Amino acid sequence: MKLALVGATGMVGEVMLKVLKERNFPIDELLLVASEKSIGKKLEFNGKKYEVIGLAEAVAAKPNIAIFSAGGSTSLEWAPKFAAAGTTVIDNSSAWRMEADKKLIVPEINAHLLTKDDKIIANPNCSTIQLVMALAPLHKKYKMKRVVVSTYQSVSGTGLKAVQQMENEMAGVKGEMAYPYQIHKNALPHCDVFEDNGYTKEEMKLAREPQKILDDSSFSVTATAVRIPTAGGHSEAVNVQFERDFDLADIRRILHETPGIVVQDNPQTNTYPMPIYANDKDDVFVGRIRRDETQQNTLNMWIVSDNLRKGAATNAIQIAEYLVSKDLV
Ligand SMILES: NC(=O)c1ccc[n+]([C@@H]2O[C@H](COP(=O)([O-])OP(=O)(O)OC[C@H]3O[C@@H](n4cnc5c(N)ncnc54)[C@H](OP(=O)(O)O)[C@@H]3O)[C@@H](O)[C@H]2O)c1
């Protein structure tokens with residue numbers, strides 16, 4: 001297994017190295033790739049130092065798998081070059097997610113769709129992954145009609161520059177801005193860029209990606225995505241209207257039995273998911289499970305997950321593990 005990590009020096013890249021080691025992913029040769037400015041820089045993996053290389057050198061090495069976490073424009077330009085060299089690309093950016101001939105994969109839900117011919121595979125948006133992990137098993141039984149989601153997203157979701165902005169603001173230091181306003185002691189109803197319809201791109205990812213992952217356009221999702229000054233872990237307040245009536249105990253049972261989901265839900269003991277608990281964990285945490293008393297067949301819940309893990313690195317590595325286990329690369 002020759003594995004390339006494109007964007008190895010970034011926030012997702014760093015967690016990628018950690019998760020590869022934890023899960024003991026089989027690697028014979030590792031290529032760590034970043035932009036021109038990082039070529040020659042040394043990174044450590046499994047006690048060994050690796051020199052960062054550029055994209056052209058990595059393509060020429062013809063890796064079996066390349067996991068991209070280096071932004072949309074790098075993916076648009078380079079993923080096809082890797083694919084043409086026979087490499088299977090797993091891409092963390094939004095570049096390919098909604099392309100009809102590219103699969104959008106959350107392994108617990110739809111990895112079975114993958115074949116040897118899938119040379120560019122898309123990893124969904126971080127806030128989408130945790131949402132569909134909880135919605136998929138409930139949809140199967142009760143059939144969703146409409147989902148309203150409000151997100152509370154951490155600065156790590158934007159990358160290193162945003163984390164630096166928040167740290168500077170907390171220390172009272174002037175520095176480069178990742179956001180149009182201060183994030184420390186603030187909340188920005190603005191994740192990613194605005195589209196013509198007045199929604200942000202992040203909100204439209206939440207609206208579109210779940211339908212593709214669940215292969216069902218009979219339900220709809222509307223979203224408000226908000227950036228808050230937490231360091232890691234995205235939270236979501238989710239209101240789901242189902243076609244069928246449900247039993248709350250059954251909803252809890254289904255979520256409890258779903259691999260990758262942990263139910264944390266006990267108002268008596270103040271037990272509910274929070275970013276500080278989800279931090280550095282692979283699971284998706286669900287709590288505050290309750291009936292919406294204003295509308296029939298409708299549920300409210302609160303979902304939290306580490307955006308750099310299940311929202312990015314872990315999901316991508318699970319895809320790579322699936323490809324290896326099924327002999328697809
Ligand atoms: N943060 C999250 O929670 C999250 C979740 C899901 C998906 N993603 C996606 O993952 C990607 C990376 O996010 P991040 O948060 O890790 O960002 P980041 O901390 O800003 O890191 C960006 C990485 O991309 C590399 N890069 C940038 N331009 C490049 C180029 N032209 N050629 C080669 N490498 C280049 C950087 O290399 P240098 O160090 O050399 O600049 C760095 O390694 C983005 O596409 C993002 O949308 C992020």
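Calculation rules
- Residues numbered from 1 in each chain as written.
- Predicted model: local features only at pLDDT ≥ 70, side-chain atom pairs only at ≥ 80, totals over all residues.
- Heavy atoms only, no water.
- UniProt positions renumbered as here; feature names shortened; annotations may be inferred.
- Helix = DSSP H or I, 4+ residues; strand = E, 2+ residues; numbered from the N terminus.
- Phe/Tyr/Trp six-rings, centres within 6.5 Å; stacked < 30°, edge-to-face > 60°.
- Buried < 20%, exposed > 50% of the residue type's maximum accessible area, 1.4 Å probe, protein only.
- Lys NZ or Arg CZ within 6 Å of the ring centre and 35° of its normal.
- Pairing = 2+ DSSP bridges.
- Axes fitted to C-alpha atoms, helices over the stretch in contact; angles between N-to-C directions.
- Parallel < 35°, antiparallel > 145°, perpendicular 65-115°, else oblique.
- Left-handed = near helix turned anticlockwise from the far one by under 90°.
- Contact = heavy atoms within 4.5 Å.
- Nonpolar A, V, L, I, M, F, W, Y, C, P; charged D, E, K, R; others polar.
- Domains from an automatic or database assignment.
- Buried area = accessible area lost by both parts, 1.4 Å probe.
- Salt bridge = Lys/Arg side-chain N within 4 Å of Asp/Glu carboxyl O.
- Polar contact = N/O pair within 3.5 Å; in protein donor to acceptor, adjacent residues only side chain to side chain.

**Student:** Outline the UniProt feature "domain: Semialdehyde dehydrogenase NAD-binding" (unreviewed entry) in the protein, supporting the account with residue identities and numerical values.
**Tutor:** Mapped onto the present numbering, the UniProt feature "domain: Semialdehyde dehydrogenase NAD-binding" (unreviewed entry) falls at residues 2-117. What you have in residues 2-117 is 30% helix and 24% strand, and the ends, taken at the C-alpha atoms, are 18 Å apart.

**Student:** An account of the packing of aromatic side chains is requested, with residue identities and associated values reported.
**Tutor:** Summed over the entire model, instances satisfying the criterion amount to 6 aromatic pairs. Judged by centre distance (5.3 Å) and plane angle (90°), the rings of Phe68 and Phe82 are edge-to-face. One end of the pair, Phe68, is in strand β5 (residues 65-68); the other, Phe82, is in helix α3 (residues 72-84), with 14 residues separating them in the sequence. Phe68 gets classed as buried once you look at its relative accessible area, which sits at 0%. Aromatic side chains Tyr142 and Phe246 sit 6.1 Å apart centroid to centroid with 75° between the ring planes, which places their arrangement in the edge-to-face category. Of the two residues, Tyr142 is situated in helix α5 (residues 126-142) and Phe246 in the loop between β11 (234-242) and α8 (248-257); the sequence distance between them amounts to 104 residues. For Tyr142, a relative accessible area of 6% puts it in the buried group. The buried category is assigned to Phe246, whose relative accessible area is 5%. An aromatic cluster is defined as three or more aromatic residues linked by ring pairs; in this entry it consists of Tyr142, Phe242 and Phe246. When the ring centre of Phe246 is taken as origin, the NZ or CZ atom of Arg291, which lies over that ring, is 4.2 Å away.

**Student:** Explain the sheet that holds strand β1 (residues 2-6) to me, using residue names and the numbers behind them.
**Tutor:** Sheet strands pair by backbone hydrogen bonding; their relative direction is either parallel or antiparallel. Pairing within the open sheet is parallel, and its 6 strands lie in the order β2-β1-β5-β6-β8-β7. The open sheet has two edge strands, β2 (29-33) and β7 (103-104), and neither has a second partner. Where β1 and β5 come together, 4 bridges link them in parallel fashion. Within β5, the position partnered with Val6 by the bridge is Phe68.

**Student:** Give me the packing of α5 against helix α7 (residues 201-213): which residues, what numbers.
**Tutor:** Look at α5 against α7: their axes get within 9 Å of each other, and the N-to-C directions meet at 45°. Put simply, α5 runs oblique to α7. Where α5 crosses over α7, the two elements pack in a sense that is right-handed. Contacts from Ser127, Thr128, Leu131 and Val132 in α5 reach Glu202, Lys205, Leu206, Glu209, Pro210 and Ile213 in α7. Here the residues of the contact of α5 with α7 are counted per class, giving 5 nonpolar, 2 polar and 3 charged.

**Student:** Quick rundown of the domain arrangement of the protein? Include the residues and the values.
**Tutor:** You'll often see interface size given as the accessible area lost when the parts meet. As assigned here, the protein comprises domain 1 (2-124 + 312-325) and domain 2 (127-307). Relative to domain 2, the C-alpha centre of domain 1 lies at a distance of 25 Å. Between domain 1 and domain 2, the contact holds 21 residues from the first and 20 residues from the second. Taken over both partners, the interface formed by domain 1 and domain 2 buries close to 1,600 Å², and the fraction arising from carbon and sulfur atoms is 65%. When residues of domain 1 are sorted by the area they lose upon contact with domain 2, Met11, Met98 and Ile109 head the list and together hold 33% of the total. On inspection of domain 1 and its partner domain 2, the count reaches 2 salt bridges. A salt bridge links Arg97 to Glu209; the nearest nitrogen and oxygen atoms lie 3.2 Å apart. Here domain 1 is connected to domain 2 by 7 residue pairs in polar contact (both at pLDDT 80 or more).

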